[in-house]
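Chain by chain, the residues run as shown.
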Amino acid sequence: MTLHIIVVGMLSFFLTVALVSKGGRLANKLGLIDLPGGRKKHLHPTPLMGGLTILFIIAPLMIAYTLIYPYYFQNAIIAIASVGTLIAGLAIFDDRVHIPAFIRLIISALFFGVAMWFIPGLQIGTVSWSGGTEYLSLGRFTIILTVLSLVAFINAINMADGKNGLVTGLCFGFSLILLVSARANLGPIIAILTGATLALFIFNLRGQIFLGDGGSYGLAAFIGLFSIYVYQRSDLLVSADQIGLMFMVPVGDMGRLMITRIRERKSPFEPDRNHLHHLLQDWIGWRKGLLVYWCMIFVPAIIAIILPWSSWILILLSIATYFTVFLFCKQSKAKEVLLH
């Protein structure tokens, strides 16, 4: 099985490299090119390759593998790949012709809900904490709360996608954690996601491609659904607070932004430069800011996997760290304004 994981992961990586290297013309024909100007600081037209990678590499490989090697999870994987493809396709259409964010999220919620109705294994049936020793059943609210959680997550990841290497690095890191945490026979499926996100990360960090809405929404849908599925079957991710630690910073930052915008009587989906990644860039530059952002997410998440009993302590420390970094960023920005 380990050999399957390595081979499938490498196949996904190299196919993604080939697609990205040769896919510029296809992206151009489809109108999936991000042009500089306005709030966009990049200098050259850049292809949006995230959604195309899902449509042509990730989803087909997952479906092909589970058809060739059918396990008990075959229907779940086909459902995850189908939902991820549909959401990526919807967001690719948004990359071409703008769809209001609220409409995108409503349609995505419908896709999630239908999948969970047919595949109960994609629902969060119970929430556990304290290293898996305490449980709470969600009962009749299972589908509603699961869908709301997934919609919040995909919106948070899409909102975080504003700097090179950020979301692609997060998606690679999340998929790697899921790969390590999953049972062996599910490993090759998640290795497909891991290999593809690694390739996207390398190209995106160098500014050669962007994910686009198709990539950020689609990858977030895959990671969110796999997180639920792995969590209910893992010997390492035994507690919902471990999952919460993985996603707390982008989801929390989204919550802060939406509350701030509503208080200022703006649309909660209106873009601005008040995201944590923007503040970090203004404070310490983007390369250091990227490392800080990753550390805020992955250090506590990894510790919580090694020491499941420490999750609640780490959640409190993560909240404190977030607001400490946020205040430092704001103070630095205020000093800059005063100096000028």
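See the structure printed just above.
What you see is a predicted model, and the numbers here were worked out from it, not measured in a lab. (Residues numbered from 1 in each chain as written. Predicted model: local features only at pLDDT ≥ 70, side-chain atom pairs only at ≥ 80, totals over all residues. Heavy atoms only, no water.)

Engineer: Got a sec to walk through the overall build of the protein chain? Specific residues and values, please.
Structural biologist: Across its full length, the protein chain carries 13 helices and four strands. Relative to its length of 340 residues, the protein chain is compact, with a C-alpha radius of gyration of 19 Å against a globular reference of 20 Å. Each principal axis of the C-alpha atoms in the protein chain carries an extent, and together these give about 65 × 50 × 35 Å. Out of the 340 residues in the protein chain, the part that is buried amounts to 52%. (Helix = DSSP H or I, 4+ residues; strand = E, 2+ residues; numbered from the N terminus. Rg over C-alpha atoms; globule rule 2.2 N^0.38 Å. Buried < 20%, exposed > 50% of the residue type's maximum accessible area, 1.4 Å probe, protein only.)

Engineer: For the side chain of His277, give the residues involved together with the corresponding values.
Structural biologist: The topology assignment puts His277 in helix H11 (residues 276-284). Residue class for His277 comes out buried when judged on its relative accessible area of 1%. Apart from the residues lying within four places of it in its own chain, the contact partners of His277 are Met159, Ala160, Gly162, Lys163, Leu166, Trp286 and Tyr293. (Contact = heavy atoms within 4.5 Å.)

Engineer: With reference to specific residues and values, describe unusual backbone geometry.
Structural biologist: With a phi angle near 60 degrees, Arg265 is a residue other than glycine that sits in the positive phi range. By secondary structure assignment, the location of Arg265 is in the loop between helix H10 (240-263) and H11.

Engineer: Can you tell me about a nonpolar patch on the surface, naming the residues and giving the values?
Structural biologist: Among the surface-exposed residues, Val299, Ile302, Ile303, Ile306, Leu307, Trp309, Ile313 and Leu317 lie close enough to one another that they form a single nonpolar patch of about 780 Å² accessible area. Counting residues per element, the ones that place at least two in the nonpolar patch are helix H12 (286-306) and helix H13 (311-339). The biggest single contributor to the nonpolar patch is H12, with four residues. In this fold, Leu317 is placed in helix H13. (Patch = residues over 30% accessible without salt bridge, like charges linked within 9 Å, V, L, I, M, F, W, Y side chains within 5 Å. Areas by Shrake-Rupley, 256 points an atom, 1.4 Å probe, with all protein chains shown as cover. Salt bridge = Lys/Arg side-chain N within 4 Å of Asp/Glu carboxyl O.)

Engineer: How would you explain the nonpolar core if you had to name every residue and give the values?
Structural biologist: Grouped burial of nonpolar side chains is what soluble globular proteins tend to show. Within the largest apolar cluster, 97 residues are counted, with the highest numbers of intra-cluster contacts made by Phe112, Phe174, Phe222 and Phe226. When residues of this core are assigned to their parent elements, the largest contribution, 12 residues, is made by helix H9 (residues 212-231). When neighbours within four sequence positions are excluded, Phe222 is seen to be in contact with Ile54, Ile58, Ala59, Met62, Ile80, Ala81, Gly84, Thr85 and Leu193. Met159, Met254, Leu257 and Met258 belong to the second largest nonpolar core, which has five residues in total. (Core = buried A, V, L, I, M, F, W, Y, C linked by side-chain atoms within 4.5 Å.)

Engineer: Give me the environment of Ala160: which residues, what numbers.
Structural biologist: Relative to the elements of secondary structure, Ala160 occurs in helix H6 (residues 142-160). The class of Ala160 is buried, set by a relative accessible area of 4%. Taking the C-alpha atoms as reference points, Ala160 and Asp95, separated by 65 residues in sequence, lie 16 Å from one another. Ignoring sequence-local partners within four residues, the contact set of Ala160 consists of Leu166, Val167, His277 and Tyr293.

Engineer: Any chance you could break down helix H5 (residues 101-118) for me, citing the residues and the numbers?
Structural biologist: The terminal C-alpha atoms of H5 lie 26 Å apart, and with 18 residues this matches the ideal 26 Å at 1.5 Å per residue to within 8%. If you follow the buried residues of H5, they end up packed against helix H4 (74-96), H6 and H9. (Expected span 1.5 Å × (residues − 1).)

Engineer: Could you give an account of the packing of aromatic side chains, with specific residues and numbers?
Structural biologist: For the structure on display, the rule yields 12 aromatic pairs. When the centroid spacing of 5.1 Å and the interplanar angle of 80 degrees are considered together, the rings of Phe13 and Phe14 count as edge-to-face. Seen from their ring centres, Phe174 and Phe247 are 4.9 Å apart, and the 90 degrees between their planes marks the pair as edge-to-face. Here Phe174 is found in helix H7 (residues 166-181), whereas its partner Phe247 is found in helix H10, with 73 residues between them in sequence. Feature note: the residues Phe153, Phe174, Phe247 and Phe298 constitute an aromatic cluster, connected by ring pairs. Arg233 extends its terminal NZ or CZ atom over the ring of Tyr229, reaching a point 3.7 Å from the ring centre. (Phe/Tyr/Trp six-rings, centres within 6.5 Å; stacked < 30°, edge-to-face > 60°. Lys NZ or Arg CZ within 6 Å of the ring centre and 35° of its normal.)

Engineer: Residues and numbers for the pattern of salt bridges, please.
Structural biologist: Enumeration according to the criterion identifies five salt bridges in this entry. As a salt-bridge pair, Arg261 and Asp272 come within 2.9 Å of each other at their nearest N and O atoms. With Arg261 in helix H10 and Asp272 in the loop between H10 and H11, the pair connects residues that are 11 residues apart, well separated along the chain. For Lys266, the salt bridge goes to Glu264, with nearest N and O atoms at 3.4 Å. Using a relative accessible area of 38% as the deciding quantity, one classes Lys266 as partly exposed. Using a relative accessible area of 45% as the deciding quantity, one classes Glu264 as partly exposed.

Engineer: Now, about the state of the cysteines: what can you tell me, with residues and values included?
Structural biologist: In the structure shown here, the tally under the stated rule is zero disulfides. Cys171 takes part in no disulfide bond, and the closest cysteine sulfur, belonging to Cys295, lies 18 Å away. Left without a disulfide partner, Cys295 is nearest to the cysteine sulfur of Cys329, which lies 14 Å away. (Disulfide = S-S within 2.5 Å.)

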